[in-house]
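The lines below spell out each chain.
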Amino acid sequence: METIIEFENVNVSFSMREGTVKAVRDVSLSIPKGKVTALVGESGSGKSTLASTLLRMVSAPGKISAKSIQVDGQDVMAMSEKKLRHYRWSEVSMVFQAAQNSLNPVVTIGEQFIETYQAHRKESDKKVIEKRAIELLEYVKLEPKRVLRSYPHELSGGMKQRVMIAFSLLLEPKVVILDEPTTALDVITQDSIFSILQKINDEFGITLLLLSHDIAVVAKVADYLGVMYAGKIVEFDEIYTIFEQPKHPYTQGLLRAVPSLIHDLGKIKPIPGASPNLLDLPSGCPFHPRCEYAMSHCKTIEPELKRSKDGYIPACHLFDHERKEAALTK
Ligand SMILES: Nc1ncnc2c1ncn2[C@@H]1O[C@H](COP(=O)(O)OP(=O)(O)O)[C@@H](O)[C@H]1O
Ligand SMILES: [Mg+2]
């Protein structure tokens, strides 16, 4: 399997008065090239923070430390500021959560295309940029002439999200990250956004990384699925395999909690307990207080996601036989 992103021992912490929040805890993960990978998990599990490390751009006061963060063979952690400025948008672009609201309200979409382009490339001919903008707007199924003249408030939420997707493609990046791309959009608009994303992946071979708290929504387009809990990836596999047989008890819980995936509505079961407090994580496996399978060593030893010859073994003692035996014989 060819990969394009390699996270190696990635940590992000936010030091605050109340203490230090470890939002991403020692993540090592490879993301397949040219595929759609979704990262899912409850709000606060670290999805946005982990993805923003690919741009080396976490919000203040966040600090990244990592052995390396490679994108297509380049180590983002080793780049100079100058190199980073070129790399962002050109190699990896990110549509942030609720990005529609970040469009400048007093500037037309056409002008914003030109500004974005010129901020990254030395192209002064506005006609060239406009031609590219028209192509992209057609691609995301918007009427280019009208949209280029429009101010953001003249467009619906779904149209603005498509504009953001068009922006993200402007400099032909290899990887596009979309953070909660359809949250707050109605179901029909969600579907049309996903069919655009599918097309971008199929036709341009761009690697997409989708972040969502909703496993059912991303299931429509993702090829691979990573599940995050308390700053760690706890399971990673082809989405088909995970839906067929979720392994980590948290993943099982996520799938049992989704109405649209459960035919018998009487069987919907929310995950008991509350999301963990990142300032004071439970000992051992941070999921143990909510886990119906928790064993005594789950309270003391934190399981790690492990690479195996054909993928990953979930970060759960139920699947980590070597360690389980070592713990039991102690
Ligand atoms: N700017 C920030 N300042 C302080 N803490 C933050 C900041 N951004 C994120 N965090 C912490 O990191 C955790 C993970 O956040 P985030 O990556 O946004 O999660 P997700 O995208 O899964 O909802 C949050 O629970 C929060 O505690
Ligand atoms: Mg987020």
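It should be noted that the structure appears before, not after, this text.
Reference entry: report on the structure contained in this document. Model, not experiment: these values are computed from the prediction.

A short note on the site of ligand 1
No. 1: The environment of ligand 1 is made up of 16 residues, and the closest members are Gly 44, Lys 47, Ser 48, Thr 49 and Ser 59.
No. 2: For ligand 1, an oxygen atom lies 3.0 Å from a polar atom in the backbone of Gly 46.
No. 3: Protein contacts shield 72% of the accessible area of ligand 1, which totals 560 Å² for the unbound molecule.
No. 4: Those elements that place two or more of their residues in the shell around ligand 1 are strand 1 (3–16), strand 2 (19–32) and helix 1 (47–52).
No. 5: Examining the composition of the shell around ligand 1, we find that three residues originate from one element, helix 1, more than from any other.
No. 6: Looking at the shell around ligand 1 residue by residue, the classes come out as seven nonpolar, seven polar and two charged.

Observations regarding the packing of helix 6 (residues 157–169) against helix 7 (residues 187–204)
No. 1: At a minimum axis separation of 10 Å, helix 6 and helix 7 run at an interaxial angle of 15°. Here helix 7 runs roughly parallel to helix 6, going by the angle between their axes. For the pair helix 6 and helix 7, the crossing hand works out as right-handed. Every residue of helix 7 that contacts helix 6 at Gly 158, Gln 161, Arg 162, Ile 165 and Leu 169 is listed here: Thr 189, Ser 192, Ile 193, Ile 196, Leu 197 and Ile 200.
No. 2: Looking at the contact of helix 6 with helix 7 residue by residue, the classes come out as six nonpolar, four polar and one charged.

Re the pairing of strand 3 (residues 36–40)
No. 1: Burial analysis of strand 3 places five of its five residues in the buried class, the great majority of the element.
No. 2: Here strand 3 shows no split at all, with Val 36, Ala 38 and Val 40 on one side and Thr 37 and Leu 39 on the other all buried.
No. 3: Where strand 3 lies against strand 9 (residues 207–212), five bridges are found, and the strand directions are parallel. Paired with Ala 38 across the bridge in strand 9 is Leu 210.
No. 4: Summarising the sheet, strand 3 and strand 10 (residues 224–229) pair through four bridges and their orientation is parallel. Among the inter-strand pairings, Val 40 is bridged to a residue of strand 10, identified as Val 227.

Re the packing of helix 3 (residues 109–120) against helix 6
No. 1: Where helix 3 meets helix 6, the closest approach of the two axes is 11 Å, and the angle between their N-to-C directions is 25°. Taken together, helix 3 and helix 6 sit at an angle that is classed as roughly parallel. In the crossing of helix 3 with helix 6, the sense of the turn from one axis to the other is right-handed. Mapping the contact onto sequence places Ile 109, Gln 112, Phe 113 and Thr 116 in helix 3 and Val 163, Ala 166 and Phe 167 in helix 6.
No. 2: Across the contact of helix 3 with helix 6, the residue classes tally to five nonpolar, two polar and no charged.

Let's talk about the packing of aromatic side chains
No. 1: All told, the structure shown has seven aromatic pairs when counted by the stated rule.
No. 2: A centroid spacing of 6.1 Å and a plane angle of 15° characterise the contact between Tyr 224 and Phe 236, whose relative ring orientation is stacked. Pair noted here: Tyr 224 is in strand 10 and Phe 236 is in strand 11 (residues 232–238), with a separation of twelve residues, a long-range link. The same class applies to Tyr 224 and to Phe 236, which are both buried.
No. 3: One aromatic cluster is present, built from ring pairs that chain together Tyr 224, Phe 236 and Tyr 312.
No. 4: Lying over the aromatic face of Tyr 139, Lys 199 brings its terminal NZ or CZ to 4.1 Å of the ring centre.

Describing empty space enclosed by the protein
No. 1: Taken as a whole and judged by the stated rule, the model has two cavities of 30 Å³ or more.
No. 2: In this structure, the largest cavity spans a volume of roughly 80 Å³.
No. 3: Lining the largest cavity are 14 residues; nearest its centre among them are Cys 285, Cys 291, Ala 294, Cys 298 and Cys 316.
No. 4: Looking at side-chain class alone, the lining of the largest cavity contains eleven nonpolar, three polar and no charged residues.
No. 5: Taken together, Arg 25, Tyr 229, Lys 232, Val 234, His 248, Cys 285, Pro 286, Phe 287, Glu 302, Pro 303 and Ala 315 make up the full set of residues lining the second largest cavity.
No. 6: Considering only residue class, the lining of the second largest cavity consists of seven nonpolar, one polar and three charged.

Calculation rules
Residues numbered from 1 in each chain as written. Chains lettered and ligands numbered in written order. Predicted model: local features only at pLDDT ≥ 70, side-chain atom pairs only at ≥ 80, totals over all residues. Heavy atoms only, no water. Near = heavy atom within 4 Å. Polar contact = N/O pair within 3.5 Å; in protein donor to acceptor, adjacent residues only side chain to side chain. Areas by Shrake-Rupley, 256 points an atom, 1.4 Å probe, with all protein chains shown as cover. Helix = DSSP H or I, 4+ residues; strand = E, 2+ residues; numbered from the N terminus. Nonpolar A, V, L, I, M, F, W, Y, C, P; charged D, E, K, R; others polar. Axes fitted to C-alpha atoms, helices over the stretch in contact; angles between N-to-C directions. Parallel < 35°, antiparallel > 145°, perpendicular 65-115°, else oblique. Left-handed = near helix turned anticlockwise from the far one by under 90°. Contact = heavy atoms within 4.5 Å. Buried < 20%, exposed > 50% of the residue type's maximum accessible area, 1.4 Å probe, protein only. Pairing = 2+ DSSP bridges. Phe/Tyr/Trp six-rings, centres within 6.5 Å; stacked < 30°, edge-to-face > 60°. Lys NZ or Arg CZ within 6 Å of the ring centre and 35° of its normal. 1 Å grid on protein atoms, 1.4 Å probe; cavity = no way out; pocket = protein on both sides within 12 Å on 5 of 7 lines; lining within 4 Å. Points joined across faces, edges and corners; volume = space filled by probe spheres on them.

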